Amino acid sequence: SSGGAKASETDALRSSASSLNRFSALQPPAPSGSASSTPLEFDSRRTLTSRGSMGREKNDRPLPSATTRPNTVMRGSSSKDLLDNQSQEEQRREMLETVKQLTGGMDVERSSTEADRSKTRESVAKSEIPATSASDKPTLSEEEMERKSKSIIDEFLHINDFKEAMQCVEELNAQGLLHVFVRMGVESTLERSQITRDHMGQLLYQLVQSEKLSKQDFFKGFSETLELADDMAIDIPHIWLYLAELVTPMLKEGGISMRELIIEFSKPLLPVGRAGILLSEILHLLCKQMSHKKVGAVWREADLSWKDFLPEGEDVHSFLLEQ
């Protein structure tokens, strides 16, 4: 730090620096000819003067309650003013906190009041809207019903779990669209194996018996296929047998009576003259599943006449011999 000065000059610098205080820069210059007028001492004094001025600039910044700090005589009073200012600042902060708390409490009260008003409006609105039951909620679209029905049917045909399939149909909660489930069941199994059609027929029978599926939905689900059956017979020659395999499980006890089923199924088939063919296929399957005697009793109980299901002019005896 001595910058290459001699040892005696360094000692002089240190002694002069120790003898000066921070206000030495304000004192009048020493008389010329004295030892303090040397260039080295002048440099050191200038250095100390600049430092003193920097300290003075920092200390000249007034506190909120103090205007100036001219000399060391005011240090005691300045410390007291500083403490007073800190005390006032703390009091001011406490007042601000109190105001904030009071304001926050008002906001809480206002928000709670608004919440009560909102609840009141909601209760009034609810009282004006009539109560709706679970059955009134929006139902599935037909496309969504087709997709979900196909998923249920595919899973059922894979694992043959009747209970699970019936529960899935019930959870659809689509009373107005269950005919879509029946139609998808017919279309999904019509050209598959006889066992598959039998399982599908058994599922439809259990759904009707448990009243999860209405007779109207059952008939409506088959109607579209029956209306196209005569045209489909070109590509599916055994379509009448396949349809009979799907519906014969329904003729069990607790299902649908033979009379009701045959009359409904014949409506779209009579115009094309195919009602008698489907009826003969149903009777053949029933004879395989139960005795001829029992099937005869069911036929007589149904009080049906062959001439009601054959095209006009066709001989009943010839048709029976042929079939």
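Identification of the protein as Eukaryotic translation initiation factor 4 gamma 3-like protein from Equus caballus is taken from an unreviewed UniProt entry.

Novice: Before we go on, may I ask you to explain the overall build of the protein in this structure?
Specialist: Looking only at helices and strands, the protein features 13 helices and zero strands. If you list the helices and strands of the protein from N to C, you get α-α-α-α-α-α-α-α-α-α-α-α-α. Put simply, the protein has 323 residues, and 29% of those count as buried. Of the contacts formed within the protein by residues at least 6 apart in sequence, a portion of 70% connects residues at least 24 apart. Total accessible area computed for the protein in this model is approximately 21,500 Å², and 52% of it derives from carbon and sulfur atoms.

Novice: Looking at this structure, how should I read the pattern of salt bridges?
Specialist: Here the idea is simple: oppositely charged side chains can pair when their charged atoms come close. Going through the model one piece at a time under the given rule, you end up with nine salt bridges. Of the charged contacts in the structure, one is a salt bridge between glutamate 146 and arginine 183, with a shortest N-O distance of 2.9 Å. Here glutamate 146, found in helix H4 (residues 142-159), pairs with arginine 183, found in helix H6 (residues 178-189); they are 37 residues apart in sequence, far enough to count as distant. Each of Glu142, Glu146, Arg183, Glu187 and Glu224 takes part in salt bridges that share partners, so that together they form one network.

Novice: How should the packing of helix H7 (residues 194-209) against helix H9 (residues 239-247) be read in this particular structure?
Specialist: The relative placement of two packed helices is expressed as an angle between their axes plus a distance between the axes. Between H7 and H9, whose axes approach to 7 Å, the crossing angle comes to 40°. When the axis of H7 is compared with that of H9, the two are oblique. Facing Gln194, Arg197, Asp198, Met200 and Gly201 of H7, the residues of H9 in contact are Tyr242, Glu245 and Leu246. Residue classes in the contact of H7 with H9 are distributed as three nonpolar, two polar and three charged.

Novice: What is the right way to look at the nonpolar core in this model?
Specialist: Burial of nonpolar side chains together is a common tendency in soluble globular proteins. One finds Phe181, Leu204, Phe218, Phe222 and Leu261 to be the most contacted residues of the largest nonpolar core, which totals 63 residues. Among residues more than four places away in sequence, those in contact with phenylalanine 222 are Val182, Val186, Leu204, Leu243, Leu246, Val247 and Phe265.

Novice: What is the right way to look at the environment of leucine 203 in this model?
Specialist: Take leucine 203: it is sitting in helix H7. The spacing of leucine 203 and alanine 165 is 38 residues in sequence and 8.1 Å in space, taken between C-alpha atoms.

Novice: Whenever I open this one, helix H11 (residues 275-289) confuses me. Can you help?
Specialist: Note on helix geometry: an α-helix contains 3.6 residues per turn, so any two residues three or four positions apart are oriented the same way. The end-to-end C-alpha distance of H11 is 22 Å, a good match for the 21 Å that 15 residues give at a rise of 1.5 Å each. Residues Ala275, Gly276, Ile277, Leu278, Leu279, Ser280, Ile282, Leu283, Leu285 and Leu286 constitute the buried set of H11. Lining the buried residues of H11 we find helix H8 (215-232), H9, helix H10 (258-266), helix H12 (292-302) and helix H13 (316-322).

Novice: Sorry if this is basic, but what is going on with the packing of H8 against H10 here?
Specialist: Closest axis-to-axis distance for the H8/H10 pair is 10 Å, and the angle between their directions is 35°. Handedness of the crossing formed by H8 with H10: right-handed. Contact with H8, carried on its side by Lys215, Phe218, Phe219, Phe222 and Leu226, involves Glu260, Leu261, Glu264 and Phe265 of H10 and no other residues of that element. Broken down by class, the residue content of the contact of H8 with H10 amounts to six nonpolar, no polar and three charged.

Novice: Sorry, what's going on with a negative patch on the surface here?
Specialist: Together, Glu155, Asp161, Glu164, Glu170 and Glu171 make up a region of like negative charge exposed at the surface. Examining the composition of the negative patch, we find that three residues originate from one element, helix H5 (residues 162-172), more than from any other. Inspection of the secondary structure puts glutamate 164 in helix H5.

Novice: Sorry if this is basic, but what is going on with unusual backbone geometry here?
Specialist: Leaving glycine out, the prevailing phi sign among residues is negative, and the prevailing peptide bond configuration is trans. Within the chain, asparagine 160 stands out as a residue other than glycine whose phi angle is a positive 55°. Along the polypeptide, asparagine 160 turns up in the loop between H4 and H5. Of note, the phi angle at glutamate 211 is positive, near 65°, even though the residue is not glycine. Here glutamate 211 shows up in the loop between H7 and H8.

Definitions and limits used
Residues numbered from 1 in each chain as written. Predicted model: local features only at pLDDT ≥ 70, side-chain atom pairs only at ≥ 80, totals over all residues. Heavy atoms only, no water. Helix = DSSP H or I, 4+ residues; strand = E, 2+ residues; numbered from the N terminus. Buried < 20%, exposed > 50% of the residue type's maximum accessible area, 1.4 Å probe, protein only. Contact = heavy atoms within 4.5 Å. Areas by Shrake-Rupley, 256 points an atom, 1.4 Å probe, with all protein chains shown as cover. Salt bridge = Lys/Arg side-chain N within 4 Å of Asp/Glu carboxyl O. Axes fitted to C-alpha atoms, helices over the stretch in contact; angles between N-to-C directions. Parallel < 35°, antiparallel > 145°, perpendicular 65-115°, else oblique. Nonpolar A, V, L, I, M, F, W, Y, C, P; charged D, E, K, R; others polar. Core = buried A, V, L, I, M, F, W, Y, C linked by side-chain atoms within 4.5 Å. Expected span 1.5 Å × (residues − 1). Left-handed = near helix turned anticlockwise from the far one by under 90°. Patch = residues over 30% accessible without salt bridge, like charges linked within 9 Å, V, L, I, M, F, W, Y side chains within 5 Å. Lys, Arg positive; Asp, Glu negative; His and termini not counted. Charge placed at Lys NZ, Arg CZ, Asp CG, Glu CD.

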